[in-house]
Amino acid sequence: MTTTKRAFLVKARPFQDDIMFWEFVATVFAGLGAAGIALLLRKVSRQRAPRWIIPVFAGAAMLAFQVHSEYSWYPYQASRLPSGVVVVKTVEQQAVWRPWSYLYPQTLRFIAADVANASVNTQNAELKLVDLYFFERRATARRVPVVLHCGQFARADFSEQLQIPQAGAKLSEQWQMLNKDDALISAVCAS
């Protein structure tokens, strides 16, 4: 993987505190804008519209902005991935404090594999080293190198202690078995 591509993936988002601050500012301005619309409606109606519509408009706009922000996060992040980096897993979540998530679950985490830069092991051609990137809403992306065994459908975290099996050899307890139709196996081993 080129240094530029790796830096892009790891630095895909600036510091999380900065993002959360600007998201807070945008939420406040959405509320202020909606409150301004409510004030304008009161003025146009010659004060016949009730005063309570001002905070209702503000609260509804802030809530709508947050819901939109939550649901648009995954498509936006996935669209920013470089070519050759494939999303292999998404995690959808539902929460009581987000009742709408029961109708349409939110994707707040996903895993992407750098398929374009996966490398084949020289000792065993069934092994491929690939970088996985773990993305989570309001968290910094993490890179984890893993080794995939394309013949036995297994994965192991890449480390100094990892024992590289010979072709056809039984795998040690360091390896986790995966399904034959696992998206990670399909994406990396097919390339």
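Check the entry above for the structure.
Engineer: Explain the overall build of the protein chain to me, and be specific about the residues and the numbers.
Structural biologist: The helix and strand tally for the protein chain stands at four helices and seven strands. By the compact-globule yardstick of 16 Å for 191 residues, the protein chain is too spread out, its C-alpha radius of gyration being 24 Å. Taking the principal axes of the C-alpha coordinates as reference, the protein chain spans close to 85 × 35 × 25 Å. The buried share among the 191 residues of the protein chain stands at 32%. Look at the contacts in the protein chain between residues 6 or more apart in sequence, and 50% of them connect residues 24 or more apart. Of the roughly 11,900 Å² of accessible surface on the protein chain, 60% is carried by carbon and sulfur atoms. Side-chain charges of the protein chain comprise 21 positive and 14 negative groups, with the mean position of each set lying 14 Å from the other.

Engineer: Would you mind going over the pairing of strand S2 (residues 106–114) in detail, with residue names and values included?
Structural biologist: The buried fraction of S2 is high, at eight of nine residues. Across five bridges, the pairing between S2 and strand S4 (residues 127–136) is antiparallel. Bridged to Ile111 within S4 is Phe134.

Engineer: Please set out helix H3 (residues 53–79) residue by residue, giving values where relevant.
Structural biologist: A rise of 1.5 Å per residue sets the reference length of H3, with its 27 residues, at 39 Å; its end C-alpha atoms lie 38 Å apart and thus fit the reference within 8%. In H3, a bend of some 40° at Ser72 exceeds every other bend along the element, and Pro75, a proline, comes one to four places later. Along H3, the positions that sit buried rather than exposed are Ile53, Ala58, Ala61, Ser69, Glu70, Trp73 and Gln77.

Engineer: Residues and numbers for the pattern of salt bridges, please.
Structural biologist: Per the stated rule, a full pass over the model turns up six salt bridges. Across the salt bridge formed by Arg137 and Glu70, the nearest N and O atoms sit 3.5 Å from each other. Residue Arg137 is located in the loop between S4 and strand S5 (142–149), and its partner Glu70 is located in helix H3; the two are separated by 67 residues in the primary sequence. Overall, Arg137 belongs to the buried group, its relative accessible area being 11%.

What counts, and where the lines are drawn
Residues numbered from 1 in each chain as written. Predicted model: local features only at pLDDT ≥ 70, side-chain atom pairs only at ≥ 80, totals over all residues. Heavy atoms only, no water. Helix = DSSP H or I, 4+ residues; strand = E, 2+ residues; numbered from the N terminus. Rg over C-alpha atoms; globule rule 2.2 N^0.38 Å. Buried < 20%, exposed > 50% of the residue type's maximum accessible area, 1.4 Å probe, protein only. Contact = heavy atoms within 4.5 Å. Areas by Shrake-Rupley, 256 points an atom, 1.4 Å probe, with all protein chains shown as cover. Lys, Arg positive; Asp, Glu negative; His and termini not counted. Charge placed at Lys NZ, Arg CZ, Asp CG, Glu CD. Pairing = 2+ DSSP bridges. Expected span 1.5 Å × (residues − 1). Bend = angle between axes of the 7 residues up to and from the residue. Salt bridge = Lys/Arg side-chain N within 4 Å of Asp/Glu carboxyl O.

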